[in-house]
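A look at the structure
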Amino acid sequence: MSRDTASHPPRRSFLRRIFGGAWRLLDGTRRALLNLLFLLLLIALAWLLLRPGAPALQPKTTLVLDLGGTLVEQRSGLNARERLLGQARGTEAQETRLRDVLAVLDAAARDAQISQALLIVDGLRGGSLPALREVAQALQRFKAAGKTVVAWGSDFDQRQYFLAAQATEVWLHPMGRVYVDGYGRHRAYYKTLFDKLGISANVLRAGKYKNAAETFVADGPSPETLESESALWNGLWASYTGTVETARKLPAGSIAQSIESLPASLEAVQGNPARWAVQQKWVDALKTRDEMRALLIARGARDEAGKTFTQIDIHGYLARLQPRRDGDAVGVIVAQGNISDGRAGPGSIGGLSTAELVRRAREDARVKAIVVRVDSPGGSPFGSELVRRELELTRSAGKPVVVSMAGLAASGGYWISMAADEVIADEATITGSIGVIGLMPNVQGAMDKLGIRTGGVNTTWLTGQGDPRRAPDPRFVQLVQSMVDDAYRQFTTLVATARKSTPDKIDALAQGRVWTGKDALDRGLVDRLGGLGDAVASAARLAKLGAAPRVQYIEARPGQLQLWLDRLGVTQAAAALLPALDGSTAARLQALMLGAGPLSAVAQQLAGDLAWLTDISEEHAPFVTRVHCLCVAP
């Protein structure tokens, strides 16, 4: 045997050992993963089979509505995992979903075991007036079922008091106050600053009331802005005061009178705001938290184990409500937030992603009609048209479309509403703003001040137009204005067709002006006033689904694991386990809650205005057009 031949068997043996060891390692890992997956399946199945059912509610149970964060149509920001962590750790909620509050109140109104509700709004931080009005109406339905609502607060701000005023009784802490100051807005104007810095926003617009970018080119509001916003804020204030005065059985105009006489009337009670609130009949009594607890025990049922009253909170009651899964449905699509061209997550509108939701609903044989819940100040005209076109195709396919306007349905938010069989707004919805703006931010002046120059070669005069380092050619400004005007003509023509009017008549109502829902109804821009429930009922009637249709929210599909866990009902169990998995989430949640106070609010406004301009300049386009009202619901 040769030397080379004798050396081959050991080499092959060595390679076999290497590859064999690698295979055993991979095979062992595969088996371990399969075993782990099987174990998880067993745990989930055991949880499903062995978990105790929800204990029956005791008679005279109190429903505790402790509302926290911002009242929203659709959750955004924190993902489902982080929300579960927050609940498990007792972190204050960042958002409360409106439909959850309405579902709980309406179900509890029919529940014989629920005798009363305790409303606590200390943690409520935001929510549009139409959203608050939806909750207020649900509280009134609860009371109409013969049940009592008690509102208690350490303090009530304007939003919080609007809901508290709907209660049968309103109790305030003896050291508390009710702070209702009205509506209004003072914006920052940047023209002088931009002139000093050598910055130009180059704002082009169609519509004399279209003031979304006015703050970048003026030192104060225009007469048109003052006219439009005066009508808007006074209209919203009338809605607020009228609703509260009716709920509290106060004379019409008494809230404005109380504010006007505040310095003298507060001095008459030695400067004590809690006693002042009782004197004005804004609250019924002053109670500490322990006094509130004792009274609710006496009125309800005592929980001996907890030394308190028998109660269930909104999350516990919501978990008892099982959504219907049988039969045909009205599909609800939430269109909330700014509108972009492409894809956007929950809480925002993406032209592509939201259009896909509409298409999915249209192609679902069990969805017989669609309600679009619009809560948007607008954004991209192209993204708006993508959504509107899909709704138009849905109507052409024989499925009714009803739009329900929430806090905002302005500019692009109004655009996407123009393919509906019926448009329903709340009286306090901010809508309209039918106008277009174009922006070409330019910093050549600032670069000159710094001694920075640019230079190069162009093949045509269009090359490099829109570069923020160079002043735009007058021909390019003319070109952009022409396209802004064309977009405005398209907008008004769409509205005229949808509202069975003419472009000239719509132009007189448009011009970028915002309207309350009530004013929009008077001018034929919406069909009637009402809430989400009215829109669902209308869609069901158009689709001949009966008086109590199944409602299905059409949203981005969750991951398969989340969908599987939801069906098994193990979400609450996961909430109890998650804190051990991630110790940094609490810090992130706390960071999200920083930044309160007046100075922070000013800083946030300035940052928001300038960030909006910066975002536009980074879109890598020669210019940007927007159908946006740059407004917020109060």
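None of the values given here were measured: they were computed from a predicted structure. (Residues numbered from 1 in each chain as written. Predicted model: local features only at pLDDT ≥ 70, side-chain atom pairs only at ≥ 80, totals over all residues. Heavy atoms only, no water.)

**Brief notes about the packing of helix H4 (residues 129–144) against helix H7 (residues 223–247)**
Rules: For every element, the axis is a line fit to its C-alpha atoms; helices are fit only across the contacting stretch, and the angle between N-to-C directions ranges from 0 to 180 degrees. Working definition: helices are DSSP H or I runs of at least four residues, strands are E runs of at least two. Numbering for both runs from the N terminus. Orientation labels follow simple angle bins: below 35 degrees gives roughly parallel, above 145 gives roughly antiparallel, 65 to 115 gives roughly perpendicular, and whatever is left gives oblique. Two helices that cross are described as forming a left-handed crossing if the nearer one is turned anticlockwise from the farther one by less than a right angle, and a right-handed crossing if clockwise. When checking whether two residues touch, look at their non-hydrogen atoms; a contact exists if any pair is within 4.5 Å. Each residue receives one of three labels: charged for Asp, Glu, Lys and Arg, nonpolar for Ala, Val, Leu, Ile, Met, Phe, Trp, Tyr, Cys and Pro, and polar for the others, Gly being one of them.
The interhelical angle for the contact between H4 and H7, taken along N-to-C directions, is 15 degrees, at an axis separation of 12 Å. The orientation of H4 relative to H7 falls into the category roughly parallel. Every pair of crossing elements has a handedness; the one defined by H4 and H7 is left-handed. In this structure, H4 uses Leu129, Arg133 and Gln140 to contact H7, whose residues at the interface are Leu236, Ser239, Tyr240, Thr243 and Ala247. Along the lines of polarity and charge, the residues of the contact of H4 with H7 split into four nonpolar, three polar and one charged.

**Some details on the nonpolar core**
Keep this limit in mind: Take the buried Ala, Val, Leu, Ile, Met, Phe, Trp, Tyr and Cys residues and link them wherever side-chain atoms come within 4.5 Å; each set so joined is a nonpolar core. Burial classes follow relative accessibility: with a 1.4 Å probe on protein chains only, a residue under 20% of its type's maximum area counts as buried, one over 50% as exposed, and anything between as partly exposed.
Among the nonpolar cores identified, the biggest contains 60 residues, and Leu63 and Tyr161 are the most heavily contacted of them. In contact with Tyr161, other than residues within four places in its own chain, are Phe156, Val178, Val180, Tyr240, Val244, Arg248 and Trp282. Listed in part, the 45 residues of the second largest apolar core include Leu204, Ile333, Val358 and Ala361.

**As for the confidence of the model for the chain**
Using the following cut-off: As a per-residue measure, pLDDT reflects the predictor's confidence and takes values from 0 up to 100.
Mean pLDDT for the chain: 85, with 80% of residues reaching 70 or above. Here residues 78–82 is modelled with pLDDT under 50, and outside its nearest four sequence neighbours on either side it reaches 11 contacts, counting other chains as well. In this model residues 565–596 is a low-confidence stretch, pLDDT under 50, and it forms 42 contacts with partners more than four residues away in sequence or in other chains.

**Quick word on the side chain of Thr429**
Spelled out, the test is: Polar contacts, as used here, are pairs of N or O atoms within 3.5 Å; protein pairs need one atom able to donate a hydrogen and one able to accept it. Residues neighboring in sequence count only if both atoms are side-chain atoms.
With respect to the element layout, Thr429 can be found in the loop between strand E19 (422–425) and strand E20 (430–432). We classify Thr429 as buried; its relative accessible area is 0%. Within polar-contact distance, the side chain of Thr429 engages the backbone oxygen of Met405 at 3.4 Å. Within the local environment of Thr429, its side chain forms a polar contact with the backbone nitrogen of Asp426, the two atoms lying 3.1 Å apart. When neighbours within four sequence positions are excluded, Thr429 is seen to be in contact with Pro130, Met405, Ala406, Gly407, Ala409, Trp515, Thr516 and Gly517.

**Focus on the environment of Asp328**
With respect to the element layout, Asp328 can be found in the loop between helix H12 (314–320) and strand E13 (329–336). A relative accessible area of 36% means that Asp328 is categorised as partly exposed. With sequence-adjacent residues up to four places away left out, Asp328 is seen in contact with Ala365, Arg366, Lys368, Leu545 and Arg550.

**Re the pairing of strand E1 (residues 61–66)**
The criterion, for reference: Any two strands between which DSSP finds at least two bridges are classified as paired.
With five of six residues buried, E1 lies mostly within the body of the structure. As defined by bridge partners, E1 adjoins strand E4 (residues 114–120) across six bridges and the pair is classed as parallel. The residue bridging Leu65 from the neighbouring strand is Leu119, located in E4. Bridge analysis of E1 against strand E12 (residues 311–313) gives three bridges, and the strand direction is parallel. Along E12, the bridge assignment pairs Thr62 with Gln311.

**Some words on a nonpolar patch on the surface**
Going by this rule: Patches in this entry comprise residues that are over 30% relatively accessible and not in a salt bridge; like charges within 9 Å are linked, as are nonpolar side chains (Val, Leu, Ile, Met, Phe, Trp, Tyr) within 5 Å. All accessible-area figures derive from a Shrake-Rupley calculation using a 1.4 Å probe, and residue coverage is judged against the displayed protein chains alone. Each reported salt bridge corresponds to a side-chain nitrogen of Lys or Arg within 4 Å of a carboxyl oxygen of Asp or Glu.
Together, Leu33, Leu36, Leu39 and Leu40 make up an exposed nonpolar region whose accessible area comes to about 380 Å². A relative accessible area of 47% places Leu40 in the partly exposed class.

**Overview of helix H11 (residues 289–299)**
Our working definition: Each C-beta atom gives one direction from the helix axis, and the arc is the one those directions make.
Of the positions making up H11, those classed as buried are Met292, Leu296 and Ile297. Down the axis, H11 shows its buried residues gathered within 135 degrees of arc, on one side only. Its buried side turned inward, H11 meets E4, strand E6 (148–153), strand E7 (169–172), strand E10 (302–303) and strand E11 (308–309).

**Observations concerning the sheet that holds strand E5 (residues 124–126)**
The parallel open sheet is built from three strands, whose spatial order is E3-E2-E5. The sheet terminates laterally at strand E3 (95–97) and E5, the two strands that pair on one side only. Across the sheet, the mean angle separating the axes of adjacent strands is 45 degrees when strand polarity is ignored. As judged from the three bridges shared by strand E2 (residues 69–72) and E3, these two strands associate in the parallel manner.

**Brief notes about the side chain of Thr243**
Of note, Thr243 is situated in helix H7. A distance of 3.3 Å separates a polar atom in the side chain of Thr243 from a polar atom in the side chain of Arg133. Ignoring sequence-local partners within four residues, the contact set of Thr243 consists of Arg133, Phe162 and Gln166.

**Some points on the packing of helix H3 (residues 98–110) against H4**
Running from N to C, H3 and H4 point in directions that differ by 10 degrees, and their axes come no closer than 9 Å. Considering their axes alone, H3 and H4 lie roughly parallel with respect to each other. Touching Leu98, Val101, Leu102, Leu105, Asp106, Ala108 and Ala109 of H3 are Ala131, Glu134, Val135, Ala138, Leu139, Arg141 and Phe142, all from H4. Tallied by class, the residues present in the contact of H3 with H4 amount to 11 nonpolar, no polar and three charged.

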